[in-house]
Amino acid sequence: MRGFTRVIIIDALKSPAETGREPGEIVRYEAEDFKGGHRYGSAHSIGLDTALELGHRLGYDMPEEVIVFAIEAADVETFGEELSPPVAATAEQVLDLVRREVGA
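In this text the structure is predicted, and so the values were computed from the model without any measurement.

Colleague: Would you explain the nonpolar core in this entry?
Modeller: One finds Val7, Leu13, Val27, Tyr29, Ala31, Leu48, Leu52, Met62, Val66, Val68 and Ala70 forming the largest nonpolar core, which totals 11 residues. Breaking this core down by element, the ones donating at least two residues are strand 1 (6-13), strand 2 (26-30), helix 1 (48-57) and strand 3 (65-72). Counting residues in each nonpolar core, the second largest holds 7 residues, with Phe69, Ile71, Val94 and Val98 among its members.

Colleague: Even after reading the chapter, I still don't get the packing of aromatic side chains, so can you show me in this structure?
Modeller: The geometry of an aromatic ring pair is captured by the separation of the ring centres together with the interplanar angle, meaning the angle of the planes. Within the structure shown, the criterion is met by 0 aromatic pairs. When the ring centre of tyrosine 60 is taken as reference, the NZ or CZ atom of arginine 2 above it lies at 4.2 Å.

Colleague: How do you make sense of the pairing of strand 3 when you look at a structure like this?
Modeller: Within a regular strand, side chains alternate between the sheet's two faces. Here strand 3 lies mainly inside the structure; 7 of its 8 residues are buried. Both strand 1 and strand 3 contribute to a ladder of 8 bridges, which runs parallel. By the bridge assignment, isoleucine 10 is partnered in strand 3 with phenylalanine 69. Two elements, strand 2 and strand 3, share 5 bridges in a ladder whose sense is antiparallel. When the bridges of strand 3 are listed, valine 27 appears paired with alanine 70.

Colleague: When you look at the environment of leucine 83 in this model, what are you seeing that I'm missing?
Modeller: Structurally, leucine 83 is set in the loop between strand 3 and helix 2 (85-102). In this structure the C-alpha to C-alpha distance between leucine 83 and alanine 73, which are 10 residues apart in sequence, comes to 9.5 Å. Beyond its immediate sequence surroundings of up to four residues, leucine 83 is in contact with Ala88 and Ala91.

Colleague: I tried to follow the sheet that holds strand 1 on my own but got confused; where do I start?
Modeller: By way of backbone hydrogen bonds, the strands of a sheet pair with one another, either parallel or antiparallel. Strand order in the open sheet formed by 3 strands is 1-3-2, with mixed pairing between adjacent strands. Of all strands in the sheet, those bounded by a partner on one side alone are strand 1 and strand 2. Ignoring strand direction, the axes of neighbouring strands in this sheet form an average angle of 20°. Running at roughly 165° to strand 3, helix 2 makes contact with strand 1, strand 2 and strand 3 of the sheet.

Definitions and cut-offs
Residues numbered from 1 in each chain as written. Predicted model: local features only at pLDDT ≥ 70, side-chain atom pairs only at ≥ 80, totals over all residues. Heavy atoms only, no water. Core = buried A, V, L, I, M, F, W, Y, C linked by side-chain atoms within 4.5 Å. Buried < 20%, exposed > 50% of the residue type's maximum accessible area, 1.4 Å probe, protein only. Helix = DSSP H or I, 4+ residues; strand = E, 2+ residues; numbered from the N terminus. Phe/Tyr/Trp six-rings, centres within 6.5 Å; stacked < 30°, edge-to-face > 60°. Lys NZ or Arg CZ within 6 Å of the ring centre and 35° of its normal. Pairing = 2+ DSSP bridges. Contact = heavy atoms within 4.5 Å. Axes fitted to C-alpha atoms, helices over the stretch in contact; angles between N-to-C directions.

What follows is the structure, encoded as structure tokens:
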């Protein structure tokens, strides 16, 4: 991400049941939404906000804006070559959201 002023990430997430989110639902986050008091057992466990802060402290040219579009998935443990039907049905909508963010 170094050297870019804006970064958009598309990812999947599996929210706790109490959120009531359904597979295929899109959630928009910004880097600040990932702040939290976590204890990390290794450098591989750091979150997005911590990674950005570390980059700034090390003097790297880090993005001013980071946006994450996360698509709710029914299963984030099983890997395959195809998107699940609910996520696939939402994919074009996410691309439209990205286009709007970049002004295309």
